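Secondary and tertiary structure notes
Given next are the chains, with one letter for each unit.
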Amino acid sequence: MTDNTPKKGFWNSVELSAVLTIVGIAILFASAVLVTQIAPYFIDKEWTQPSTPYQVQMYEISDPHMYISSSPLTPGELQAVYHLKKDFSLLAFQESETTRIIAPPEYEKYITRYQDPQLKLTSQLFLLQPPQGENLTKADTLIKKLKQQWLAENKDQKSAPDFVVMELFAPKGEEAFAVAPTQSQLENWIDKDYTILDPSKDVLYHQNLGVIFISNPVEYRIIDYTYYDKKGWMYDPKGKPVESLAALRSSDMGFLSRKELIRKGERIYALEGCWYCHTDQTRTLVQDVVLNGSDSYPAPPSSPNEYIYDNVTFPGTHRIGPDLSRTGIKRPSRDWHRAHFWSPKTASQGSIMPAFQHFFDNDPRGTTHRVSGIPNYQFEAIFQYLMTKGTRITPPSQAWWLGKDPIKTKEIIEGGRTL
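Below: a short report on this structure.

Conventions used here
Residues numbered from 1 in each chain as written. Predicted model: local features only at pLDDT ≥ 70, side-chain atom pairs only at ≥ 80, totals over all residues. Heavy atoms only, no water. Helix = DSSP H or I, 4+ residues; strand = E, 2+ residues; numbered from the N terminus. Contact = heavy atoms within 4.5 Å. Areas by Shrake-Rupley, 256 points an atom, 1.4 Å probe, with all protein chains shown as cover. Disulfide = S-S within 2.5 Å. Buried < 20%, exposed > 50% of the residue type's maximum accessible area, 1.4 Å probe, protein only. Polar contact = N/O pair within 3.5 Å; in protein donor to acceptor, adjacent residues only side chain to side chain. Axes fitted to C-alpha atoms, helices over the stretch in contact; angles between N-to-C directions. Parallel < 35°, antiparallel > 145°, perpendicular 65-115°, else oblique. Left-handed = near helix turned anticlockwise from the far one by under 90°. Nonpolar A, V, L, I, M, F, W, Y, C, P; charged D, E, K, R; others polar. Pairing = 2+ DSSP bridges.

Helix and strand counts for the protein chain come out as 12 helices and 18 strands. At a minimum sequence separation of 6, the contacts of the protein chain that also span at least 24 residues come to 69%. Carbon and sulfur atoms form 56% of the exposed surface of the protein chain, whose accessible area is close to 23,600 Å².

In C-alpha cells form, the structure reads like this:
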C-alpha cells in the first residue's frame with residue numbers, strides 16, 4: 001500500500017498566529033527605529049542638532065583640551081591644564097588694573113591693553129611667564145611707576161596695590177600647556193567687542209558668532225620631588241615645561257581630559273543607579289520650570305538637543321530625588337557636592353540619598369586608590385558630568401538665569417570673579 005496523504009511543507013506546519021506575531025514584532029521594531037532614529041532628521045532637525053555654537057564649542061573644543069589631575073603632594077588641589085595648539089586655540093592677553101604685560105615690539109599687537117574696549121584674540125601660540133633676564137629690570141621699573149601713578153591718583157590711600165607684570169613669549173613647537181583662570185563648568189565666552197587677529201579658515205569655530213577663548217594662559221611648569229620614599233611632581237612656575245601630551249597623560253602625572261571625566265561620570269551615574277531616583281528632564285509643567293529656576297526666571301523645559309552629546313540618556317521615571325537637569329546652575333559648588341556625596345543628610349536636611357563614601361580616598365573598603373591618578377576620580381568624574389546639566393544650553397551672556405544668578409555668571413564673564 002502507498003501513503004497518498006500529502007506531506008506538509010515547512011510553511012504549512014507553521015501556525016498562522018506565530019507568523020503574525022513575528023511580523024508584528026518586526027513592524028514594532030521598525031516603527032521604533034523610524035520614530036526615534038530616522039524621523040527626527042526629517043521632521044524636526046533641532047532634535048538632533050546642537051542648539052548653539054556655544055554648545056558645540058564646549059563639547060567639541062573645550063572639553064577635549066582641558067586636562068585635570070592633582071599632585072600627589074597636594075591631592076585635594078586640582079590642576080586644570082589647557083592643551084594649546086597653534087592655529088587652533090584662541091588666546092587673549094588682557095591687562096587689568098593691576099596686571100601688565102610686556103612683550104617684544106613684534107608681539108605688542110596681541111596684547112589688549114588696560115581699558116581697551118576691543119578684546120584681541122589670536123590663534124598664534126603665545127604664553128605668559130614671569131619676566132626673565134633683562135625684562136626683570138624692566139618689570140621692576142614698570143611696577144614702581146605704576147605704584148607712584150596710583151598713589152598720585154589716590155591721595156587718600158597710604159599704599160598702592162600689588163601690581164603684577166608678566167612677559168609674553170612664543171614657546172617652541174606647535175603645542176604647549178598652560179594654566180589659566182578656569183570657571184569649572186563654564187568657559188570664557190565672548191560674542192561682541194572682539195577681534196580675531198589671524199583667523200584660521202580651517203577652524204570653523206573661529207568664524208562663529210561668539211567664541212570660547214583662554215585668557216592670560218601661563219606656561220604650566222612642574223618640578224619632580226622625592227618625599228621620603230615617594231616620588232612625585234608638583235606645579236612650580238620655576239620648573240620645567242611639560243614635554244608632550246603623552247607625558248601629561250602618563251601614569252606618573254595621570255591627567256584625564258574633562259571629556260573623559262564626563263564620560264566616566266556618565267558610566268558611574270548608570271552603574272550607581274542614580275537614575276532610579278532622579279530624573280534628567282525639566283518638564284513643561286509650572287512646578288518644574290519654577291523649581292529648576294525661579295518665579296522671575298523660570299528654567300527652560302528640556303529640549304531634545306540638550307542630550308545629543310550623551311552616550312546614554314537617563315530621563316528617569318521616578319522623582320524620588322530632585323530633578324538633575326539644571327544641577328550645573330542650581331548647585332555649581334564642588335565643595336557642596338563633596339559634602340553631599342560623603343554625607344547627604346548633612347548637606348541636605350531630610351535627604352534619603354545613601355552616602356557614596358567610596359568616591360573618596362579614605363574609603364574603608366579601599367576601592368579608590370588613584371586608578372587614574374586623580375584622587376577621588378569617581379567623585380570628580382560624576383561632578384564633571386553633573387556640571388554639564390543646564391550649563392551648556394546657551395552661552396553665559398544669553399543665559400536664562402542672568403538676574404537670578406546663583407553663580408554670578410555676569411561677574412565671571414566680566415572678569416570680576418572666578419569660581
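Right, let's get into the state of the cysteines. When the sulfur atoms of two cysteines share a covalent bond, that bond is a disulfide. A complete count under the given rule lists 0 disulfides for this structure. Looking at the unpaired cysteine 274, the closest cysteine sulfur is the one in cysteine 277, lying at 8.7 Å. Residue cysteine 274 is classed as buried on the basis of its relative accessible area, which comes to 13%.

Let's shift gears to the side chain of histidine 358. With respect to the helices and strands, histidine 358 occurs in the loop between α10 (344-347) and α11 (377-386). At 2.8 Å, the side chain of histidine 358 forms a polar contact with the side chain of glutamate 272.

On to the packing of helix α9 (residues 334-342) against α11, then. Orientation of α9 relative to α11, taken along the N-to-C sense of each, is 125 degrees, at an axis distance of 11 Å. It follows that α9 is oblique to α11 by the angle criterion. As for the relative orientation of α9 and α11, their crossing is right-handed in sense. Where α9 approaches α11, its residues Arg334, His337, Arg338 and Phe341 are matched on the opposing element by Phe379, Glu380, Ile382, Phe383 and Leu386. Its residues assigned to classes, the contact of α9 with α11 comprises 5 nonpolar, 1 polar and 3 charged.

This part takes up the sheet that holds strand β15 (residues 221-227). Strand order in the open sheet formed by 3 strands is β16-β15-β17, with antiparallel pairing between adjacent strands. If you trace the sheet from one side to the other, it starts and ends with β16 (230-235) and β17 (240-241), each paired once.

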